[in-house]
Amino acid sequence: MTRLFQIILFVMLYSLALNAQETEGEWITRFEASGYLETPDYAETMDYLNKLADYSEYAVVKSMGKSPQGREINYIIVSKDKTFSPEFARETDKPVMLILNGIHSGEINGKDASFLLLRDILVTKENASYLDHLNLIVVPIFSVDAHERRGPYNRINQIGPKEMGWRVTAQNLNLNRDFMKADAPEMQYFLKLYNSWLPDFFIDVHSTDGSDYQYHTTYAIEKHENVTPAIGKWVKKVFNPSILKSVEEKGFLISPYVGYVDGDLRKGLYDWIPLPRFSNGFAAVQNRPGLLIESHILKSYKDRVYSTKAVLESVIELINSDPETIIKLGKNADEYTIEHYAENKEPYPIGFERSARHDSVVYKAIEVEMVESAVAGGKVRNFTGKPYEIKVPYYNDGMMKTEVTLPEYYIVPAEWQNVIDRLHIHGVKMYPLEEAQKYIVERYKFYDVKFPASPYEGRFLPDYHYMKYTDTVEVYSGDYIIPTDQRALGIIANLLEPVGEDSFVKWGFFNIIFERKEYFEDYAMDPIAEKMYEDDLDLQREFNAMLRSDKEFAVNTRARLNFFYEKTPYYDSHYNVYPVMRVVEEYDD
């Protein structure tokens, strides 16, 4: 061994020793210092986040905005090139990864895992190479108000940490149902962040309950018809095999995030295609891979944090190994979406269901027994802790159920400002008309509209049927034209087409159109109805048929007159009619 080599080796070992001392000293996290049992509160979390940024020239902390209770929703940008804005980041040709933690703040393992990850990158430099081909954005706590609704009793099914946050925001909104409707101020801030950076890979970290099994963590990433063929192929052929292998090499068992058919493992496992209201479904309609991490709440908090860290590391290592591909996947997906669904008018897939096709897998389960309970008055599940393996069907294929052909343009009248504002937040490109113009349009009219007895996420979601018809309308100055030939096409289709389960109509943004505002008095309508009955033989036959077939109608004076009223020019032409229009062509006098 040469003298020079000895000196170099000594310097390297000394540097590693110093870094190790730093880790053991001021850089130790609350999670580690507590014996892996605790997670820091908001103030301590922000102190640690700012300390990382103060220590390293490669990191800065910024705020999305303030929560309803006045807390900053901070995030950290980490870049070897110091590209701390989306404009500069794009110039580096490095992919951007966005990690979102604490969307459900009772499931906070992602925050502690991210701190260990960031320390390895910025402080100890153990994984400094992670920044060689990647720019990283980490949100340690998204639902900050819920994070501070801390307590030991917030999640009855979950093992640790000692105190954890709450599931929903201070306004009682579930942020992981809000990616499309964007009711929560927190989500509106996040969507602005997301659309300004447009990350090439998005990760949302959770913990999951339900059944017990051997796996430390599970994951979901879209690969079916809700993503482009190229993304689906990459997920199946590259991502899935790589992540499963890498995480297990790091010492943790990992499985796809699945459900049990009819709640019975013996009947098999199933995958599903999430609605875009959920994080991974949202990433899919944004034409980007989105990973959902669901660590297992019946594992120790230590194992949940470290298995989450293992998944984050494995994804970063995969992207670093081929950064060009992940950037290309997103760009090509944007082009594919525009070409196929806007230019070529191919039907856009907007609803999905589970296919009957399946494979077989060996699943690492935990034995469950049904135990008689005097209190419950029946049998309840009890997990024995005994591991076993079982070969079961795996329904791992989704297929399109509903599709819609999109117009070249949509029109949203200016008076629906709430809808226009949400579209702006989603980064949808639109422009107001400068002067009035006539268009031939397609419109939807709803019927058989029903409402539930109770709200969901603070909204009453209507159930309805509808018909489509063509109309000639005058569109006024200030009304908004929304072209579909843009990368946000998936967002536009899911929000504006009533068939979408996350459409503005389904979420109740247009509930007011289902209220009838004008009525008639009997004395005014009766002579008009008499004349209509005498003058129109077809109408007469239709009315008489109603009298014969519907006994309640036949004895209801108001209903009988209303039959005629709805066929007069006095009847509200806007009632049950969707204000958003699909442009067929400009009207030429």
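Preceding this section is the structure that the text describes.
Residues numbered from 1 in each chain as written. Predicted model: local features only at pLDDT ≥ 70, side-chain atom pairs only at ≥ 80, totals over all residues. Heavy atoms only, no water.

Peer 1: Honestly, the environment of F115 in this entry has me stumped. Any pointers?
Peer 2: Considering the arrangement of structural elements, one finds F115 in helix α5 (residues 109-122). As for F115 and Y395, which are separated by 280 residues in sequence, their C-alpha atoms are 36 Å apart. The residues touching F115, leaving out its near neighbours within four places in the chain, are T29, T45, Y48, L49, L52 and P140. (Helix = DSSP H or I, 4+ residues; strand = E, 2+ residues; numbered from the N terminus. Contact = heavy atoms within 4.5 Å.)

Peer 1: Got a minute to help me understand the packing of helix α3 (residues 42-55) against α5 in this structure?
Peer 2: Helix-helix packing is described using two parameters, namely the angle between the two axes and the distance between the axes. Between α3 and α5, the shortest axis-to-axis distance is 11 Å and the interhelical angle comes to 15 degrees. The pairing of α3 with α5 is recorded here as roughly parallel in orientation. Seen along the crossing, α3 lies across α5 with a hand that is left-handed. Counted together, T45, Y48, L49, L52 and Y55 of α3 and K111, F115, L118, R119 and L122 of α5 form the full contact between these two elements. Partitioned by chemical class, the residues of the contact of α3 with α5 number 7 nonpolar, 1 polar and 2 charged. (Axes fitted to C-alpha atoms, helices over the stretch in contact; angles between N-to-C directions. Parallel < 35°, antiparallel > 145°, perpendicular 65-115°, else oblique. Left-handed = near helix turned anticlockwise from the far one by under 90°. Nonpolar A, V, L, I, M, F, W, Y, C, P; charged D, E, K, R; others polar.)

Peer 1: What's the story with the nonpolar core in this structure? I'm lost.
Peer 2: Note that soluble globular proteins tend to have their nonpolar side chains buried in a common cluster. F190 and F201 are the most contacted members of the largest nonpolar core, which has 127 residues in total. Considering each element in turn, this core owes the most residues, 9 residues, to helix α10 (residues 301-321). Once residues within four sequence positions are removed from consideration, F190 is found in contact with M64, L98, L100, F142, F179 and F202. Counting 13 residues, the second-largest nonpolar core is a separate cluster that includes M532, F553, Y565 and Y571. (Core = buried A, V, L, I, M, F, W, Y, C linked by side-chain atoms within 4.5 Å. Buried < 20%, exposed > 50% of the residue type's maximum accessible area, 1.4 Å probe, protein only.)

Peer 1: What exactly am I supposed to notice about unusual backbone geometry here?
Peer 2: For residues besides glycine, phi is generally negative; the peptide bonds are generally trans as well. Between G160 and the following residue, P161, the backbone shows a cis peptide bond with an omega angle of -5 degrees. For A182, which is not glycine, the phi dihedral falls at a positive 55 degrees. The residue A182 is located in the loop between α6 (144-147) and α7 (185-197) in this model. Its relative accessible area of 0% is what places A182 among the buried residues. In this structure, N576 is a non-glycine residue whose phi angle is positive, near 65 degrees. Within the secondary structure, N576 sits in the loop between α17 (557-565) and β20 (581-586).

Peer 1: For this particular structure, what's the right way to read the packing of aromatic side chains?
Peer 2: Two aromatic rings are characterised by how far apart their centres lie and by the angle between their planes. In this structure the tally under the stated criterion is 47 aromatic pairs. Considering the side-chain rings of F446 and Y464, the 5.0 Å spacing of their centres and the 70 degrees angle between planes classify their relative orientation as edge-to-face. With F446 in strand β17 (residues 437-450) and Y464 in strand β18 (residues 463-475), the pair connects residues that are 18 residues apart, well separated along the chain. When sorted by exposure, F446 lands in the same class as Y464, which is buried. Judged by centre distance (6.0 Å) and plane angle (75 degrees), the ring pair of F543 and F553 falls under edge-to-face. (Phe/Tyr/Trp six-rings, centres within 6.5 Å; stacked < 30°, edge-to-face > 60°.)

Remember that the coordinates give geometry; whether it matters functionally is a separate question.
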